[in-house]
Each structure stands twice: as structure tokens, then as C-alpha cells.
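Each chain, written out:
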Amino acid sequence: MTVDADIIDGLRDAGLVGEGDVVLEPLTGGVSCDVWKVETPGGPIVVKRPLPQLRVAAEWLAPVERGQSEVRWLRRARGVDASIAPEVLAELPTGHAFAMRFLPGCPVWKDELMAGRIDVPFAAQVGQGIAAVHAATAHNDDDRAAFPNDAMFRALRVDPFLLYVAQHDAELAPVLTALAGDLTARKIALVHGDVSPKNILVSAEGPVFLDAECATYGDPAFDLAFCTTHLLLKAVWLGDARLNEAAVALVTAYRAGIDWEDADALLLRAGELTAALLLARVEGKSPAPYLTDSVHKRAVRDQARALILAPQPIDALVANWKRNLA
Ligand SMILES: Nc1ncnc2c1ncn2[C@@H]1O[C@H](COP(=O)(O)OP(=O)(O)O)[C@@H](O)[C@H]1O
Ligand SMILES: [Mg+2]
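Everything numeric here is computed off the predicted structure, so don't read it as measured data. (Residues numbered from 1 in each chain as written. Chains lettered and ligands numbered in written order. Predicted model: local features only at pLDDT ≥ 70, side-chain atom pairs only at ≥ 80, totals over all residues. Heavy atoms only, no water.)

**A look at the nonpolar core**
Applicable threshold: The nonpolar core is taken to be a set of buried Ala, Val, Leu, Ile, Met, Phe, Trp, Tyr and Cys residues, with the residues joined through side-chain atoms within 4.5 Å. Only protein chains enter the accessibility calculation, which uses a 1.4 Å probe. A residue is then buried if its area is under 20% of the maximum for its type, exposed if over 50%, and partly exposed in between. In DSSP terms, a helix is any run of H or I states spanning at least four residues, a strand is any run of E spanning at least two, and both are numbered starting from the N terminus. As annotated, the domain borders come from an automatic or database domain assignment. In what follows, residue pairs with any heavy atoms lying within 4.5 Å of each other are defined as contacts.
Counting residues in hydrophobic clusters, the biggest one holds 88 residues, and the most contacted among them are Trp73, Trp109, Val126, Leu224, Leu266 and Trp321. For this core, the leading source of residues is helix H10 (residues 263–283), giving 12 residues. Looking at which domains feed residues into this core, each of domain 1 (3–101) and domain 2 (109–320) gives three or more. With near-sequence residues (within four places) excluded, Trp321 lies in contact with Leu232, Ala235, Val236, Asn244, Leu278, Val300, Gln303 and Leu307. Grouped together as the second largest cluster of nonpolar side chains are 15 residues, Val22, Trp36, Ala90 and Leu92 included.

What follows is the structure, given as C-alpha cells:
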């Protein structure tokens, strides 16, 4: 029996499809999973199965249990606000695959940004949504116990984004190593771990967050930094001031949602992490694929290096971020 047949059997056992033919239509975009769209009597669904190895870089081994983390995150986020995550319909017995409702007519935010459709209020809603999950899960022992994913977060986030650069840059190594240690040690709230525009759908009700495979109980500053980094990189690449505005709106809305700790302390940690992540996207293991122009790379690298050595809180960082150094 092929693995796909296993998936179809799982969908039948879950009562999602009948005895007739079932077509698994691959959805584009994924590097860490098989993702399919399946038409069912109850409407279209998405089936997602983690790959044992990510397609981007052979060394990035990641346990398939991350499928389970994703399901847990999606359910928890819907408990906070049902509009911000797709409904999980079933967990399948094969390889931590699961089924969720397909959201029709919802473009991926990254595609919208790349096409120059930069909706600043939507960026604020993204900040609000991330903060809502953090606020609901902050200092919560049950959530902490449900997401014991330190090893995965280290393998997929801390090592490639912080420590890899540290190993290749003697001047920045002490700062980046300390930052990695601090990030790993801090257990404050439920972190999504991959809040990138490519993992956010634009629905009529606002953002819908996908792809929570890296979810862990950790430092909420990471999610804010990760998403902001994407907007700042795209601001350099597209040279569009509205992306700077979107980053400011995201940070401002997020800040308004911080009720679990001192906001200034969190914004400073997020600023430090953003600087490190920006550098990682030009010098790390997972470079931003669109940043190939040496002028763009230099704009990111020079600003990121300066910010790593002299950190700014993320609100100041986004306000001062330059799209070009000319
Ligand atoms: N529930 C959903 N509704 C609509 N489209 C979805 C849904 N889930 C995933 N997709 C589409 O599939 C793509 C890949 O899904 P994602 O969960 O991000 O997987 P990967 O881990 O492979 O990146 C998304 O960018 C989106 O275009
Ligand atoms: Mg994705």
C-alpha cells in the first residue's frame, strides 16, 4: 500500500470522504510537508503530512512529531479566536498527518505583498492576532506542558538562524550566542515559530495563521521579531515605504496587546532578535531567496550588524529602518 493510500484510508476512517475516488491535489509552497487539497462531500479540505526531512537543506532534520505540534497550536489558537486559524477536522494515523478545512478565496499574504497590495491595517491585525495568542497562553502551565518542543525549536530556529551565523562571524559570536541562550531559556507564552507572510492567509475576517510546526512554549518576542523581519526584508527588496509602515503598524498593534509582562522589556528582546534574524536572512543557512542584489544585501547586512552590536527596541528599529543606504 502506498503512503497516499494510507492517507485516503485515514480520511475514510475519519468519515471525511466516502468510498468513491479521492484525489489528492498537491498545493504549492511547502518545503517541509506534503500538502494536498481534497474535495469532500463536506467541502474542500487540506491534508498535511510532515516530511521526515525538509526539502530546503539536507541537514535540517526535523522530527515528524511537528505535525502534532501544529495541530495543537491550531486548536489552541482557535480557542483564543476562531477566526485566526483553520479548523482541524481529523488527525490521521499515518505519519502525524492531519486534515483541516480549506479556506477558499483567501490569498497568501506574501503574494499580496509581492504584488504591491500592501494593506497596512491588515498588518496591524496580524500583530493583534499574534499578541492575542501570546496573552491567552502567557504563564500558563497547561500550555507549557502541551508544547515541550525545545529540541525541535533549537533544530529549526535557534541553530540555523542564530548559531549558524555566530559560528561564521567571530565579532558577533558572543552576542548571538548569548541571544540564542536567552531565547532558549525563556518560557513565557505559546510561540507559533513561523509567523511569515507566506504562512498567513488574507481572509475577510482578517489574518488566518497556518503552518505552526515550530510551535513551542518560549519567548513571544520571537514571533514578533520573525514576522517583522520579513516585512523589513521586503521593504528593502521592493523599496516600498508602505512595507515600513506595515512593520510599524504590526509592532504598534502587538505592543497594545502585551498584558503579561513589561512591554519595554519585550520590545527590546524583539529588537535584538530582529537584528539577528535580518542578518541570518542574508548570511545564514536560510537566505531570503529574493534578496540576490548585492546593494539590497548590503543594506540589510550593514543595518543588521550595527543593530546586533547596538540593539534598539523593535519599535525604534522599525521606525529607523532604511529601505536603502544611498
Ligand atoms: N487551510 C488552508 N486553506 C487554504 N489554503 C491552505 C490551507 N492550508 C495550507 N494552504 C496552502 O498551502 C500552502 C502550504 O501550507 P503550509 O501549512 O504553509 O505548509 P508548509 O509547511 O509546506 O509550508 C499555504 O501557503 C497555502 O497556500
Ligand atoms: Mg508554509
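Don't stop here, the text continues.
**Re the coordination of the magnesium ion (ligand 2)**
To be explicit about the condition: Coordination partners: N, O, S within 2.8 Å of the metal, 3.2 Å for Na, K and Ca; water not considered, so apparent gaps in a site are possible.
Summarising the metal site, the magnesium ion (ligand 2) is bound by the protein donors Asn199 (OD1) and Asp211 (OD), whose distances to it range over 2.1 Å. Taken as a pair, Asn199 in the loop between strand E6 (189–191) and strand E7 (200–203) and Asp211 in the loop between strand E8 (206–209) and strand E9 (216–218) lie far apart in primary sequence, 12 residues in all. Each member of the pair, Asn199 as well as Asp211, carries the same accessibility label: buried.

**Describing the side chain of Gln303**
Counting through the fold element by element, Gln303 comes out in helix H11 (residues 294–309). For Gln303, the contacting residues outside a window of four places in its chain are Asn320, Trp321, Lys322 and Leu325.

**Focus: the domain arrangement of the protein chain**
Test applied: Two parts placed together each lose some accessible area under a 1.4 Å probe, and adding up what both lose gives the buried area. The salt bridge criterion pairs a side-chain nitrogen of Lys or Arg with a carboxyl oxygen of Asp or Glu, the two atoms within 4 Å. Each residue gets one of three labels, nonpolar for Ala, Val, Leu, Ile, Met, Phe, Trp, Tyr, Cys and Pro, charged for Asp, Glu, Lys and Arg, and polar for the others, Gly among them.
Domain boundaries assigned for the protein chain yield domain 1 (3–101) and domain 2 (109–320). For domain 1 and domain 2, the distance between their C-alpha centroids amounts to 25 Å. Tallying the contact residues gives 21 residues for domain 1 and 29 residues for domain 2. Here domain 1 packs against domain 2, burying approximately 2100 Å² in sum over the two surfaces, 67% of which is carbon and sulfur. Summed over the shared surface of domain 1 and domain 2, the result is 3 salt bridges. Between Asp211 and Lys48 there is a salt bridge, with its nearest N and O atoms 2.7 Å apart. Top contributing element to the side of domain 1 that touches domain 2 by residue count: helix H2 (residues 66–80), with 9 residues. Its residues assigned to classes, the side of domain 1 that touches domain 2 shows 12 nonpolar, 3 polar and 6 charged.

**Looking at the environment of Leu51**
Looking at where Leu51 falls in the secondary structure, it is placed in the loop between strand E3 (45–50) and H2. Relative accessible area serves as the criterion here: at 13%, Leu51 is assigned to the buried category. C-alpha separation for the pair Leu51 and Ala123, spaced 72 residues apart in sequence, amounts to 31 Å.

**Comments concerning empty space enclosed by the protein**
The criterion, for reference: Cavities and pockets were defined on a 1 Å grid built over protein atoms only: a cavity is a set of grid points that admits a 1.4 Å probe from which the probe cannot escape, a pocket is an open set flanked by protein on both sides within 12 Å along at least five of seven lines, and lining residues are those with an atom within 4 Å of any such point. Grid points are joined across faces, edges and corners, and a volume is the space filled by probe spheres set on the points.
Taken as a whole and assessed by the stated rule, the structure comprises 2 cavities of 30 Å³ or more. Roughly 60 Å³ of internal volume is contained in the largest cavity. Asp150, Phe153, Arg154, Val158, Leu183, Thr184, Arg186, Lys187, Thr216, Tyr217, Gly218 and Asp219 are the residues that line the largest cavity. Residue assignment for the lining of the largest cavity shows that the elements contributing at least two residues are helix H6 (150–167), helix H7 (173–185) and E9. When residues in the lining of the largest cavity are grouped by element, the largest group, 4 residues, is from H6. Residues belonging to the lining of the largest cavity are distributed by class as follows: 4 nonpolar, 3 polar and 5 charged. Estimated volume of the second largest cavity: approximately 50 Å³. Residue lining of the second largest cavity: Trp73, Ile84, Gly129, Ile130, Val133, His134, His192, Val195, Phe209 and Asp223, and that is the complete set. Looking at which element gives the most residues to the lining of the second largest cavity, the answer is helix H4 (residues 120–137), with 4 residues. Classifying every residue of the lining of the second largest cavity by side-chain character gives 6 nonpolar, 3 polar and 1 charged.

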